[in-house]
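So the chains spell out like this:
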Amino acid sequence: MPPLSTNTPSISFEFFPPKSEKSAFELLATVQDLARHNPKFMTVTFGAGGNSQRGTLETLKNLQKAAPVPFGSHLTYISLTRRELDHYTDLLWDHGIRHLVALRGDMPQDLVWPLDQDAEYYQYTSDFVEALLKRHPFDISVGAYPEKHPDAPSLDADLIALKKKCDAGATRAITQFFFDNEVYYRFLDAATKAGITTPIVPGLLPIHDFTKVCSFASRCHASIPSHLHEKFESPSPSLAEDLISEQVEDLVKNGVPHIHFYTLNKSVPVSGICDKFNLI
Ligand code: FAD
């Protein structure tokens, strides 16, 4: 892959709504620490990993007071009617949120979809992006899946879906996490061949708990290279930091213009990595 840029990449950080008062305090400290790296934006997830959807706006309001950073809200449409989404996006806009990460969300396993036969729902993320932009001039990110979304019949079909989301007006796509940068570079090449010109930002996940990451990765169909399994059999104390550090170093060397970190609400090891590579 040819070098993309010679500049230091900009960065962004993702958090999830805390589940207790104690973790809410810890999150404020994390956000304040990471804010000193001058991120382009920070985002808060919506209903992901069993988190309640109600916590997102509350969390955004608290974080907005804690750090002078542009905050974005993830928003999934699968379990909300168009009318509910209209109301909620107006509320976000009124609270100063100008960036949305627009997503389908995972299909409910145990429920019949659509939940309310008489209500209107979005069927595709591209339609959702289009409708959001008609309602307010948001900056919109969408998801991208370098190893194919689990529901997609093929990577080519998934790239067609990604192109539709980009053509609908997304400013950028943020990838699912990956642990082998070659997977990302191959995806960039495939996206370019598919006619996608929208920036595709790599999303990096620090491995705090290898067993949990393996289980999550298998649900998302994100592969874990065999050398990671070997390394985590007898991990050194700095293994998680070393691994993400290697990924960042390689991305910086290859001129990637922006890196997104799935922080899992912790400033370690991401903050140290930003210091190490002078990411500000
Ligand atoms: P989509 O683009 O909607 O794709 C889903 C499937 O539909 C794919 O198989 C795709 O190929 C297919 N498809 C899409 N459009 C079309 C079309 N027009 N025609 C035919 N097929 C189509 N989940 C949460 O619950 N909360 C979060 O906060 C959250 N944050 C995330 C952040 C990032 C950066 C990423 C990458 C994922 C996040 N997720 C989150 C997970 C996401 O909601 C799931 O992966 C979901 O299953 C897919 O949503 P999507 O909009 O990215 O996928």
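Scroll up to find the structure this text is about.
Residues numbered from 1 in each chain as written. Predicted model: local features only at pLDDT ≥ 70, side-chain atom pairs only at ≥ 80, totals over all residues. Heavy atoms only, no water.

A. Inspection of the overall build of the protein chain at higher detail. Broken down by element type, the protein chain carries 10 helices and 9 strands. The C-alpha radius of gyration of the protein chain comes to 18 Å, within 12% of the 19 Å expected for a compact globule of 280 residues. Taking the principal axes of its C-alpha atoms as reference, the protein chain extends roughly 55 × 45 × 40 Å. Expressed as a percentage of the 280 residues in the protein chain, the buried residues total 48%. Residue pairs in contact within the protein chain that sit at least 24 positions apart in sequence constitute 80% of those at least 6 positions apart. (Helix = DSSP H or I, 4+ residues; strand = E, 2+ residues; numbered from the N terminus. Rg over C-alpha atoms; globule rule 2.2 N^0.38 Å. Buried < 20%, exposed > 50% of the residue type's maximum accessible area, 1.4 Å probe, protein only. Contact = heavy atoms within 4.5 Å.)

B. Region of interest: unusual backbone geometry. That bond from valine 268 to proline 269 is cis: its omega, 0°, falls within 30 degrees of zero. As for its placement among the helices and strands, proline 269 is situated in the loop between strand 9 (258–262) and helix 10 (270–276). Located in the positive-phi region is asparagine 38, a residue other than glycine, with phi close to 55°. Residue placement: asparagine 38 occurs in the loop between helix 1 (21–35) and strand 2 (41–44). Positioned with a positive phi, asparagine 265 is a non-glycine residue whose angle comes to about 65°. With respect to the helices, strands and loops of the structure, asparagine 265 is situated in the loop between strand 9 and helix 10. Judged by relative accessible area, which is 12%, asparagine 265 ranks as buried.

C. Inspection of the site of the ligand at higher detail. The local shell around the ligand holds 24 residues, among which Asp106, Thr125, Tyr145, Asp158 and Lys165 are the closest. Contacts to the ligand include threonine 125, whose side-chain N or O atom sits 2.7 Å from an oxygen atom. Protein chains bury 86% of the 960 Å² of accessible surface belonging to the ligand in isolation. Of all elements in the fold, only strand 3 (71–76) and helix 5 (155–167) reach the threshold of two or more residues within the shell around the ligand. With 4 residues, the single largest contributor to the shell around the ligand is helix 5. Here the shell around the ligand is composed, by residue class, of 9 nonpolar, 9 polar and 6 charged. (Near = heavy atom within 4 Å. Polar contact = N/O pair within 3.5 Å; in protein donor to acceptor, adjacent residues only side chain to side chain. Areas by Shrake-Rupley, 256 points an atom, 1.4 Å probe, with all protein chains shown as cover. Nonpolar A, V, L, I, M, F, W, Y, C, P; charged D, E, K, R; others polar.)

D. Region of interest: the pairing of strand 2. Both faces of strand 2 are covered, namely the face carrying Phe41 and Thr43 and the face carrying Met42 and Val44. Both strand 1 (residues 10–15) and strand 2 contribute to a ladder of 4 bridges, which runs parallel. When the sheet's bridge partners are listed, phenylalanine 13 is paired in strand 2 with methionine 42. The pairing of strand 2 with strand 3 spans 3 bridges and is classified as parallel. Along strand 3, the bridge assignment pairs valine 44 with serine 73. (Pairing = 2+ DSSP bridges.)

E. Spatial organisation of a negative patch on the surface. A cluster of acidic residues, Glu241, Asp242, Glu246 and Glu249, forms a negative patch on the protein surface. By secondary structure assignment, the location of glutamate 249 is in helix 9 (residues 239–253). Overall, glutamate 249 belongs to the partly exposed group, its relative accessible area being 45%. (Patch = residues over 30% accessible without salt bridge, like charges linked within 9 Å, V, L, I, M, F, W, Y side chains within 5 Å. Salt bridge = Lys/Arg side-chain N within 4 Å of Asp/Glu carboxyl O. Lys, Arg positive; Asp, Glu negative; His and termini not counted. Charge placed at Lys NZ, Arg CZ, Asp CG, Glu CD.)

F. Inspection of the pairing of strand 9 at higher detail. With 5 of its 5 residues buried, strand 9 lies for the most part within the structure. Going residue by residue along strand 9, you find His258, His260 and Tyr262 tucked away on one face and Ile259 and Phe261 tucked away on the opposite face as well.

G. Inspection of the side chain of threonine 45 at higher detail. Along the chain, threonine 45 falls in the loop between strand 2 and helix 2 (54–66). A residue is classified by how much of its surface remains accessible, and threonine 45, at 7% relative accessible area, is buried. With sequence-adjacent residues up to four places away left out, threonine 45 is seen in contact with Glu14, Phe15, Phe16, Pro17, Thr56 and His74.

H. Region of interest: the packing of aromatic side chains. Under the definition given, this model contains 11 aromatic pairs. Ring geometry for phenylalanine 177 versus phenylalanine 216: centroids 5.5 Å apart, planes at 35°, classification tilted. Placement of phenylalanine 177 in the loop between strand 6 (172–175) and helix 6 (181–193) and of phenylalanine 216 in helix 7 (residues 210–220) is noted, with a sequence separation of 39 residues between them. Among the residues examined, phenylalanine 177 registers a relative accessible area of 2% and is labelled buried. When the centroid spacing of 4.3 Å and the interplanar angle of 5° are considered together, the rings of phenylalanine 210 and phenylalanine 232 count as stacked. Of this pair, phenylalanine 210 sits in helix 7 while phenylalanine 232 is found in the loop between helix 8 (226–231) and helix 9, placing the two residues 22 residues apart along the sequence. Taken together, Tyr77, Tyr122 and Phe128 form an aromatic cluster joined through their ring pairs. (Phe/Tyr/Trp six-rings, centres within 6.5 Å; stacked < 30°, edge-to-face > 60°.)

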